[in-house]
Amino acid sequence: MTTPGGPRPRPGSYPPNYNPNAVANNMQNLNINQPNQQQSSNLGGGSAPRPPNTTPFGQQPPPFTSSRPGPPPPGAFPRGPAPPNFPPQATFPPNTVSSRPTGPPPGSQPPTFASRGPPPPGALPSSIGGPVSPSPSGPGPRTGPFSYAPPTSTPPHMSGSGPVSNGPPAYAQSGPRFAPPMGTSMQRPSMGPPQSLSSGMSSQPPQMRASFGSPPPGAQFSAGPPQNMPPPPPMGSSPFPAPVPGMLQSSGNPYGTQTWPPQQPQQQQPMFGMPPGGPPFPNQSMALGQTGQSKIDPNQIPRLTSSSAVILHETRQGNQANPPPPATSDYIVKDTGNCSPRYIRCTINQIPCTQELVSTSAMQLALLVQPLALPHPSEEPIHVVDFGESGPVRCSRCKGYVNPFVKFIDQGRRFICNLCGFTDETPRDYHCNLGPDGRRRDADERPELCRGTVEFVASKEYMVRDPMPAVFFFLIDVSMNAIQTGATAAACSAINQVIADLPKAPQTMVGIATFDSTIHFYNLKRELQQPLMLIVPDVQDVYTPLQSDVIVQLAECRQHLEILLESIPTMFQSNRTADSSFGAAVKAAFLAMKSTGGKLLVFQSVLPSIGIGSLSAREAEGRSNMSAAEKEANKLLQPVDKTLKTMAIEFAEYQVSVDLFITTQSYVDIASLSVIPKTTGGQIYYYHPFSAVSDTAKLYNDLRWNVTRPQGFEAVMRVRCSQIDCDKTIMVTLKHDDKLHEGSECAFQCALLYTTVYGQRRIRVSTLSLSCTNMLSNLFRSADLDTQFACLLKQAANEIPSAPLAQVRDQATNVCINILYSYRKYCATVTSSSGQLILPEALKLLPLYTLALLKSTGLRSDGRIDDRSFWISNVSPLPTHSVIPLVFPRMIAIHDLDDKDESDDSIIPSHIPLSSEHITDEGIYLLENGEDCLIYVGNSAQPNILQQLFGVSSLEEISNQFVLQEFENPLSKKLNAVVNEIRRQRCSYLRFKMCKKGDASGMMFFSYMVEDKLSSGLSYVEYLVHIHRQIQSKMP
C-alpha cells in the first residue's frame, strides 16, 4: 500500500552510486578519548587521503583512519630521550607526560584528539598543496576588522622596544622542545610591532564576574588581570584614508593583502576614551539623501566575500593576543599561549576597562565556549598531561589551573595566579629554577606552561565514583504511523549499521526497547537462543523488568542485537495501535540506565498520546482561534507543563542524556519534547515530513555522528550536565565588578571535567588572556562580528517563547542601530556628511546579518509552530561557525560547474548574493544552511544539463523525494564533490529538497533571498536606509 512517507527501505534497493555513508566517511575519521594502553590500528581496511609534505607549523599531521574509527591510539605522546645535563627520567605510566621536573617531557608527536576529516584539495597552504593567506599581522598598517589607528599623543609608560618572539612569555627565544620546529618551506605570518600597553598593577587586582546568560551547562570561568607581567612593546602606527563622501569604500578581504596609503591626520570629532585628532577609522560609507531616499548602488553595498585560502593563525604574537580569523573562515591554529578560537571566542578581542565603556559601545561583552570543538586535521593535537596522584597544580584561592600566564617568582619557589593575583607556594616536586629572563627553565618543555589548551588526567580527588561505562540505549517507536511511513525500519537499519562504530571497549554496554501504547524490553543475554520480549503494560506507573538483563555488554549481545533489529519491522508490520507512550517509555528506559548513566537515543514519530507526559494537538487549538493566536503564539512555544522538565532534571542527576530523533508527518509539540534533550545535554533531530526514500541516509549519518563524535559523560563545568560533545557551545556574559587597568591583561579560563567514552576521567583546561583598553576606538577595531552576531541570535532565540515576535524583531534591530550609532557618534570623523551611513570595518556586515535574522524561520510570522520550536532548540547550543550559515545561507550556481576557472583550486564555487536578481530561469542553484540543502531548477533549464545532473530530461520527471546520485559525467561528479565538501565543512549530511518555480517549494526557496523585499521584511537597501534614519534621529 502507498504510505505518506513512501516505502520502507530494503537492502539493495538504493539507486546506483547512492552512498549513505558519504558524510560519515568525511566526518568520522576520529581517534578520540582513547586509552593509553592500546596501540592504534586500522580495522577498516584503508585510510582516507592525507596532505603531503608537512603541516603549516612543522608537526606531522594527525593520522586519518578509514570510515570507522579503529581501536584507540595512545592517549598521550611517548617520552623522548633526556637531553644532556638532565638527570635520568623517572618511571611513569607508558605514553604519559611527566609533569614533575625529573626529566623533560617527550619530543615526539602526540596522537590526534579529533579531526573533521581531510582538508579538500587546494585548501591547505603552498607547502601542502594550495594558496595561503597569512594571519593579519605585520609591520605597518593592518587591513580589515583589526586595523589600528595610533593615538596622536603617547600614553604614559610606553616602552620603545621592538618586536619580540612569539608565545605567551615575552622572553622565550626557543620553541617548545616537545614539538618539531616550524617548517622552513612554509610562509609564516609576519609579526608586526605589538601594541604598547603598560600600567602599574596591584597585588589584589579587580576582577570580572562571569554571569551565565543562556545556556545548557555553564562554565567555570575566572577572570582578572595577571600580576607582575612585563609591559608589552609599543604599537606601530597605521594611518588610513578618510571615507569619500557619497561613495562606498572598498573593504577587501579582512585577511587579504590589501594595503592602505598613508594620510595626514584629520581633525576628528571628540571620541570617547580616545585623544582627539587621531586618524579616521577604516569604514564603509554610503551616501543617503537627507530625505531618506536611497542613493545606494546595490552592487556596492557590503556583502560577504568568499575566499578559499586557508588562514594560518598564531594565537599570540609579540606577547599579546592575536585577533582570531572569522569563525566562518578556514583556518589552521598554532597554540602559542592562548587557546584556539575554536574553544573560546570573545565578542571583543580587547577587554574594556570599565562597564561604562561597554555600555557606551552598545556591544555585548561575552564569551562563546566550545570546549570539545573539532580542530583542523593539520593542527597540533591537544597534549595530555599526567601529574599522578597529586593532580594538576592549582591556585589555592580561586582554584584556577596552572597556565602560561602564571608568574613564577623567588627562583621558582612561589607563583602568582594570573586569575586572582594570589601568591602560592610551588609544590616541591614541581619546582624549577628561573632563567635570566625570569621564566622557568622548563617552561617551553611543559604543555601546561606554553599551551593555551591542555588536558590533565584527573586524579582520584576528582571522582565521586568510578568512571561510568559507555552505555547506549535505543528506544524505537513502533506505533502504526511509524511502521507505515517506514520510520521504524529506517531507525532499525541505522542502529544496525552504527553498532560497529560504538566504542570498542570491554565496558561498552547496550540495550534496546520498543513502544506504542505499551513498552517492550528485550533480554539480550547470550545464553538465550533468541532475544526475549518483556512487556510493560502500565504506562502510568512504569517499571523496568529484569534490569540486569536489559542492558548488557556489547561484545556479549551483538549477534542477538543484530537479529532483533532486523526482525522488529516485521514483528510489528501489522500493528494497528496508533497511540504512543513516549513519556512512559523514556522513564522506563531511564530506570534501566539509572545505575550506570549513559546515552538514551529515542526515535519518535507521533505526538505522545498516552501515559506519563502525554500531549495534545495544541497547534490545532491555536489555528481555530486566530484572533488569540497572535497574542498567545508564544504559549505554543513553551512546554505545556512541567512533567517532562521534572523527568529531565532527574535524568541529568543520574548522568543520562537523551537524544531525540523525530521522524514525523505531523505536529508533535517539539516545544514540550525538546525540554528533555536540552536539559540533559542531548540533541534533537527533526525530519518533517519524513520520507523513507530521501531521509534514511541522513538519519543514519546523524545517528552515526552522534555516537562517534568527540564527547564526554559526567561533564562538570560550573553546573553539572549529563553529557557534552564537540557540537555544544556555551554562551557566557561578562560584567565588571571593578575597573581594570589600562595595559594589563584579563584572563579567562574554562575547565571541563568529564569522562571519556573509554572510561577515563579528564580535565580539559583552556585559557585566554586579552589586553585591557580604555579606548572606545580599540573596541570597534577588535570587535568579532561572528561572535557578536552569535550572541545576538542566541539572545533572540531565548526571547521568542516569552515575547511577541514583533518585539523580538525590534530588539534585534535596535541592537544593530545602537552599535552603529555609538560608532557614528564617537568614532566617525567630523568631515563625514550627515547624509552618510558609516559602518565600522569590523562590523560592516552586521546590518545584513541582522536583516537575515529577522527573515529567519524563528522570527517570521508565518510557518509551523514545530518548525519554530525546532529552530529555537537548535540555536541554543549552536557553534559559532554554524550561526551565520543558519540564517544567511550559501547559494551557488551548479549548472555551470564545468565553466569554473581551472586556476581556482577550491571545490565549492564562489557564492551568489541572496537576491532573486541573480537567479535566472535557465539556471540551477544550490542553497544550503548547514541543515537543509535546496536545489532550485529554473523553468527553462537546459535538458542536457538536467540529464547530466539528475538523469532526467525534463523538470516534471524529478521526484520531490529527491536523492542525489552520481552519474558517469564530469558535471555530475563535480556536483557530488561540491556536496560532499559542504557536508565535510558543516559536519552534517544535509537534507535535500527539490524546489520548482510556481509551487510551494519554489516559494520556500525564495524565502531565503535575504536581500529581496519579502512579506517577512524590507529589502537590504531599504533596511540600510531604515538603519540610517534611526541613527540620524539619535544624533544631536
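Residues numbered from 1 in each chain as written. Predicted model: local features only at pLDDT ≥ 70, side-chain atom pairs only at ≥ 80, totals over all residues. Heavy atoms only, no water.

Thoughts on the overall build of the protein chain
Regarding its fold elements, the protein chain presents 24 helices and 35 strands. Per-residue burial for the protein chain yields a buried fraction of 63% across its 1036 residues. Of the contacts formed within the protein chain by residues at least 6 apart in sequence, a portion of 77% connects residues at least 24 apart. As displayed, the protein chain offers around 36,900 Å² of accessible surface, 52% of which is attributable to carbon and sulfur atoms. (Helix = DSSP H or I, 4+ residues; strand = E, 2+ residues; numbered from the N terminus. Buried < 20%, exposed > 50% of the residue type's maximum accessible area, 1.4 Å probe, protein only. Contact = heavy atoms within 4.5 Å. Areas by Shrake-Rupley, 256 points an atom, 1.4 Å probe, with all protein chains shown as cover.)

Observations concerning the sheet that holds strand β15 (residues 414–416)
Strand order across the open sheet formed by 3 strands is β14-β15-β16, with antiparallel pairing between neighbours. Because the sheet does not close on itself, it has two edges, and the strands there are β14 (407–409) and β16 (423–425). Looking at each pair of strands side by side, their axes are set apart by 30° on average, direction ignored. Both β14 and β15 contribute to a ladder of 3 bridges, which runs antiparallel. Paired with Ile409 across the strands is Arg414, a residue of β15. (Pairing = 2+ DSSP bridges. Axes fitted to C-alpha atoms, helices over the stretch in contact; angles between N-to-C directions.)

Examining the environment of Arg762
One can find Arg762 in strand β30 (residues 761–773). A residue is classified by how much of its surface remains accessible, and Arg762, at 3% relative accessible area, is buried. Residues Arg762 and Gly712 lie 50 residues apart in sequence; the distance between their C-alpha atoms is 9.1 Å. Of the polar contacts made by the side chain of Arg762, one reaches the side chain of Gln760; its length is 2.9 Å. (Polar contact = N/O pair within 3.5 Å; in protein donor to acceptor, adjacent residues only side chain to side chain.)

Focus: the pattern of salt bridges
Under the defined criterion, the tally for this structure stands at 36 salt bridges. Put simply, Asp702 and Lys698 hold a salt bridge, and the shortest N to O gap is 3.2 Å. Here Lys698 and Asp702 lie together in helix α14 (residues 696–708), a separation of 4 residues that amounts to about one turn. Side by side, Asp702 and Lys698 carry an identical accessibility label, which is buried. Notably, a salt bridge pairs Arg984 with Glu981, separated by 2.9 Å at the nearest N-O pair. A residue pair is termed a helical-turn pair when its members lie 3 or 4 positions apart in one helix, as Arg984 and Glu981 do in helix α22 (residues 970–986) at 3 residues. (Salt bridge = Lys/Arg side-chain N within 4 Å of Asp/Glu carboxyl O.)

Describing the packing of helix α5 (residues 487–498) against α14
The interhelical angle for the contact between α5 and α14, taken along N-to-C directions, is 40°, at an axis separation of 9 Å. Viewed along their axes, α5 and α14 adopt a mutual orientation that is oblique. Remark: the crossing between α5 and α14 carries right-handed chirality. For the pair α5 and α14, the contacting residues are Ala490, Ala491, Ala494, Ile495, Gln497 and Val498 in the first and Thr696, Leu699, Tyr700, Leu703, Arg704 and Val707 in the second. Among the residues making up the contact of α5 with α14, the classes are represented as 9 nonpolar, 2 polar and 1 charged. (Parallel < 35°, antiparallel > 145°, perpendicular 65-115°, else oblique. Left-handed = near helix turned anticlockwise from the far one by under 90°. Nonpolar A, V, L, I, M, F, W, Y, C, P; charged D, E, K, R; others polar.)

Here's the deal with the pairing of strand β32 (residues 890–893)
Residue alternation in β32 divides its side chains into two sets, Arg890 and Ile892 and Met891 and Ala893, and both sets are buried. In this sheet, strand β33 (residues 924–928) lies alongside β32 in antiparallel orientation, the contact comprising 4 bridges. Note that in β33 the partner of Ala893 across the bridge is Tyr925.

Topic: the environment of Cys417
By the element assignment, Cys417 lies in the loop between β15 and β16. For Cys417, a relative accessible area of 3% puts it in the buried group. A C-alpha to C-alpha distance of 6.3 Å links Cys417 and Cys395, two positions 22 residues apart in sequence.

Concerning helix α24 (residues 1020–1034)
Between its terminal C-alpha atoms α24 stretches 21 Å, which fits the 21 Å expected from 15 residues at 1.5 Å a residue. Within the span of α24, buried status applies to Tyr1020, Val1021, Tyr1023, Leu1024, Val1025, Ile1027, His1028 and Ile1031. (Expected span 1.5 Å × (residues − 1).)

A short note on the packing of helix α16 (residues 785–799) against helix α19 (residues 865–875)
Each packed pair of helices is defined by two parameters, the angle between the axes and the distance between the axes. One way to put it is that α16 packs onto α19 with a least axis distance of 9 Å and a crossing angle of 135°. The angle between α16 and α19 falls in the class oblique. Here α16 runs over α19; the crossing is left-handed. Note on element contacts: α19 touches α16 through Trp871, Ile872 and Val875, opposite Leu793, Lys794 and Ala797. Tallied by class, residues from the contact of α16 with α19 come to 5 nonpolar, no polar and 1 charged.

Here we look at a nonpolar patch on the surface
A grouping of Met533, Ile535 and Met571 is seen on the molecular surface, where their side chains present a nonpolar patch of about 260 Å² in accessible area. Topologically, Ile535 is positioned in strand β21 (residues 532–536). (Patch = residues over 30% accessible without salt bridge, like charges linked within 9 Å, V, L, I, M, F, W, Y side chains within 5 Å.)

Quick word on the confidence of the model for the protein chain
Detail in the predicted coordinates should be disregarded across regions flagged by low pLDDT. Per-residue confidence for the protein chain gives a mean pLDDT of 76, with 69% of residues at or over 70. Considering only residues more than four positions removed or in separate chains, one finds that residues 1–20, a stretch of pLDDT under 50, has 45 contacts. This model gives residues 624–629 a pLDDT under 50, and the stretch forms 2 contacts once residues within four places in sequence are excluded. (pLDDT = per-residue confidence, 0-100.)

Topic: the side chain of Asp669
Assignment of secondary structure puts Asp669 in the loop between β24 (656–663) and α12 (670–673). On the accessibility criterion, Asp669 (1% relative accessible area) is buried. Within polar-contact distance, the side chain of Asp669 engages the side chain of Ser672 at 3.0 Å. Not counting residues up to four positions away in its chain, the partners in contact with Asp669 are Leu607, Leu615, Ser616, Arg618 and Asp866.

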